[in-house]
Amino acid sequence: METLNFDYIIIGAGPAGLSSAQYAARSGLKTIVLEGMGAGGQVAQIFELENYPGVFPAVNGYDFVETMRKQAEAFGAQIKQVQVSSIDKRGKDFIITTKDTIYTAPALCMATGAVHKNLGVPGEEELTGRGVSYCATCDGPFFKNKKIVVVGGGDSACSEAIYLSTLSDNVSIIHRRNEFRAQKAIVDKMLAAGVKPVYDSVVKEIKGQSKVTGVTLENVKTGEQTELECDAVFIFAGMAPQTDLVDMIKKDQQGYIETDEYMQTSIPGLFAAGDVRSKPFRQIVTAASDGAIAANTAKEFIR
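Caption draft 1: Spatial organisation of the overall build of the protein. Along the backbone of the protein there are 7 helices and 19 strands. At 21 Å, the protein has a C-alpha radius of gyration in line with the 19 Å of a compact globule built from 303 residues. The principal-axis extents of the C-alpha atoms in the protein amount to approximately 60 × 40 × 35 Å. The buried share of the protein, reckoned over its 303 residues, is 49%.

Caption draft 2: Focus on the nonpolar core. The biggest cluster of nonpolar side chains holds 30 residues, and the ones touching the most others in it are Tyr8, Ile10, Phe64 and Cys109. When contributions to this core are tallied by element, the ones reaching two or more residues are β2 (8–11), α1 (15–26), α2 (61–74), β8 (107–110) and α7 (284–302). Here the element with the most residues in this core is α7; it accounts for 6 residues. Each residue touching cysteine 109, except ones within four places of it in the same chain, is listed here: Tyr8, Ile9, Ile10, Ile11, Ser20, Phe271, Ala272, Ala273 and Ala294. Judged by nonpolar contacts, the second largest core, of 22 residues, contains Ala136, Ala157, Val171 and Ala182.

Caption draft 3: Molecular detail of the packing of aromatic side chains. A full pass over the atoms with the stated rule returns 5 aromatic pairs. Ring centres 5.5 Å apart and planes at 55° place the aromatic pair phenylalanine 180 and tyrosine 199 in the tilted group. Of the two residues, phenylalanine 180 sits in the loop between β12 (171–174) and α6 (184–192) while tyrosine 199 sits in the loop between β13 (196–198) and β14 (201–208), which places them 19 residues apart along the sequence. Sitting above the plane of the tyrosine 256 ring, arginine 282 keeps its charged end 3.7 Å from the centroid.

Caption draft 4: Spatial organisation of the sheet that holds strand β1 (residues 2–5). On the basis of which strands lie adjacent, the open sheet formed by 4 strands has the order β1-β7-β6-β5 and mixed pairing. Both edges of this open sheet fall to β1 and β5 (84–90), since each of them pairs with a single strand only. Mean inter-strand twist for the sheet, computed between neighbouring axes without regard to direction, equals 20°. Here β5 pairs with strand β6 (residues 93–98) via 6 bridges, running antiparallel. Paired with serine 86 across the strands is threonine 97, a residue of β6.

Caption draft 5: Looking closely at the pairing of β2. Burial along β2 is two-sided: the residues Tyr8 and Ile10 and Ile9 and Ile11 are all buried. Where β2 and strand β3 (residues 31–35) come together, 4 bridges link them in parallel fashion. Looking at the pairing, isoleucine 9 lines up with isoleucine 32 of β3. Handedness of the β2-α1-β3 crossover: right-handed.

The rules behind these values
- Residues numbered from 1 in each chain as written.
- Predicted model: local features only at pLDDT ≥ 70, side-chain atom pairs only at ≥ 80, totals over all residues.
- Heavy atoms only, no water.
- Helix = DSSP H or I, 4+ residues; strand = E, 2+ residues; numbered from the N terminus.
- Rg over C-alpha atoms; globule rule 2.2 N^0.38 Å.
- Buried < 20%, exposed > 50% of the residue type's maximum accessible area, 1.4 Å probe, protein only.
- Core = buried A, V, L, I, M, F, W, Y, C linked by side-chain atoms within 4.5 Å.
- Contact = heavy atoms within 4.5 Å.
- Phe/Tyr/Trp six-rings, centres within 6.5 Å; stacked < 30°, edge-to-face > 60°.
- Lys NZ or Arg CZ within 6 Å of the ring centre and 35° of its normal.
- Pairing = 2+ DSSP bridges.
- Axes fitted to C-alpha atoms, helices over the stretch in contact; angles between N-to-C directions.
- Right-handed = clockwise from strand over helix to strand, strands pointing away.

Pasting the structure below:
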């Protein structure tokens, strides 16, 4: 198996990873980004990115992250689409194993992000791909002018509901609380777009045989159950950090990696940036900031 040596390895090619790659390569570190799914992460699914400072009018998320990728490569960073199978540390170096190659470096950054959680209700797994989806920009166009249900109350749920409202005038959003957790500006825009909120309710079952036909809702205060007809259910019920490769490091109660303000984890030379990191606010701009800080700290650590 081939072994390749670097100064700095980044796992994950979302905004955190690509920002870190740009700053590291620009400072002279031999840098590579390893990404199993291709560059972008969740950002590539954003229909309109309107709140990144300095990027206005709004741009498509895929175009935004593609520019980040090209920028990182222009400064000398390598980006490899490959699945990492394990991470070890021998002496001063981290050993990153993939199918055909071993990569080594004294500094490593985890920028693996987080993935959408499932509801875990009857019908969800069976109807995934047949009306159940976790990506509005991927599957929304299939349900143009149809009855659409969105589940969730955070930034992602409300933003995706806004996009879906451009495809259908019959979009409802189900939230277990009596107010949304999302930023007020996003909520206001969503309600102005005609999305119908259903508060204090949870989805108990997703109905349908070969395709989604409706959902069973339960009011969390009264216990009353009702049926809501729909053709699609888009689920945004929170995130799960991608930390399976680094079980040995310190994490918070939700499983996110704990770092100091320099993005250093509990293991010297191992950094974390972006949505995988324990922090109070997760946005593209904060992920990019994390990545830049991690690269700068890695440079000082190595030198």
